[in-house]
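Architecture and fold: a report
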Amino acid sequence: MDLNSLFGVKDKIVLITGGSRGIGLMIATGFVANGAKVYISSRNKDACDKVAKKLSDKGPGKAFSIPADIQNLSEVKRLAGEIEKREGKLHVLINNAGTNWGAPFDSYPDEAFEKVINLNVKRIFSLTQACLPLLEKAASSKDPARVINIGSVDGIYTPFLETYAYPTSKAALHHLTRVMAGHLSNRQITFNNIAPGPYESKMMAKTLNDYGEIIRSNVPLGRIGAPEDIAGTAIYLSSKAGAFTNGATISVDGGSLVKPSSSKL
């Protein structure tokens, strides 16, 4: 039960959506640094290509770029097809791509609500469905394939900003993950959520700029998340150490969910 064997992800084939920036990039960096073969996907081809090269140059793992706009079902199917063509199997699928929209309740646009739900819930289902045969090919009883969905603490408690569709989508994703775990884990695949708190990312940039000190003060550990925090959790769930963790939602938030309500925003 040595550490490298227990937490190792060397040579695992990993697909990360939204992997060219923010939390996705943090996770991709951790996997490549530990010897995995990582496919990075996002809408921006230049960003994907640049990140893949940078991570591969650092090693010891390798990163590859497969740009795709997974708001569209045809792109979801193409992305899964590219993995099948290049690898024929997939050890770890990390559904990280997501979007947000903030607006007052009375003027919240219907098309914004639909866009958020489509990418944050529906397309995660679609991509998982498309990749399931590849995950099954990589799976075994001792080392199951893994699906890791990136949810949010906003899907567990009520955020202080008016982002109605986003917390709703993340709560739905948390439960969708549990439902998939209940019905599909007999195929030797685990399904888990990571629910991050505040991290440095493009999605969080304006919020941290406007409310950074307030947000930090509401995290019992007194800081926002670091890349190692989120990457370490994803690596744990993908390793032998996490092989029996299934249907879980792991909050990686510095304790913001457990801070006494009287001291919250």
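Residues numbered from 1 in each chain as written. Predicted model: local features only at pLDDT ≥ 70, side-chain atom pairs only at ≥ 80, totals over all residues. Heavy atoms only, no water.

Per an unreviewed UniProt entry, the protein goes by NAD(P)-binding protein and derives from Rhizophagus irregularis.

This part covers the nonpolar core. Residues Leu15, Leu90, Leu93, Cys131, Leu135 and Phe191 are the most contacted members of the largest nonpolar core, which totals 30 residues. Of all elements in the fold, only strand S1 (13–17), helix H4 (73–86), helix H5 (110–138), strand S5 (145–150), helix H6 (165–184) and strand S6 (189–196) reach the threshold of two or more residues within this core. If you tally residues by element for this core, the top one is H5, at eight residues. Other than its neighbours up to four places away in sequence, Cys131 contacts Leu15, Ala80, Leu90 and Leu93. Counting residues in hydrophobic clusters, the runner-up holds 28 residues, among them Ile16, Ile23, Val32 and Ile150. (Core = buried A, V, L, I, M, F, W, Y, C linked by side-chain atoms within 4.5 Å. Buried < 20%, exposed > 50% of the residue type's maximum accessible area, 1.4 Å probe, protein only. Helix = DSSP H or I, 4+ residues; strand = E, 2+ residues; numbered from the N terminus. Contact = heavy atoms within 4.5 Å.)

Before going further, it helps to spend a moment on unusual backbone geometry. Comment: phi is negative for the bulk of residues other than glycine, and the bulk of peptide bonds are trans. That bond from Gly59 to Pro60 is cis: its omega, 0°, falls within 30 degrees of zero. Summarising the element assignment, Pro60 is placed in the loop between helix H3 (45–58) and strand S3 (62–65). Of note in this structure, Gln188 is not a glycine but carries a positive phi near 65°. Here Gln188 lies in the loop between H6 and S6. A residue is classified by how much of its surface remains accessible, and Gln188, at 32% relative accessible area, is partly exposed.

Let's shift gears to a nonpolar patch on the surface. Residues Phe105, Phe113 and Tyr164 make up a contiguous nonpolar surface patch of about 300 Å² in total accessible area. Along the chain, Phe113 falls in helix H5. Using a relative accessible area of 32% as the deciding quantity, one classes Phe113 as partly exposed. (Patch = residues over 30% accessible without salt bridge, like charges linked within 9 Å, V, L, I, M, F, W, Y side chains within 5 Å. Areas by Shrake-Rupley, 256 points an atom, 1.4 Å probe, with all protein chains shown as cover. Salt bridge = Lys/Arg side-chain N within 4 Å of Asp/Glu carboxyl O.)

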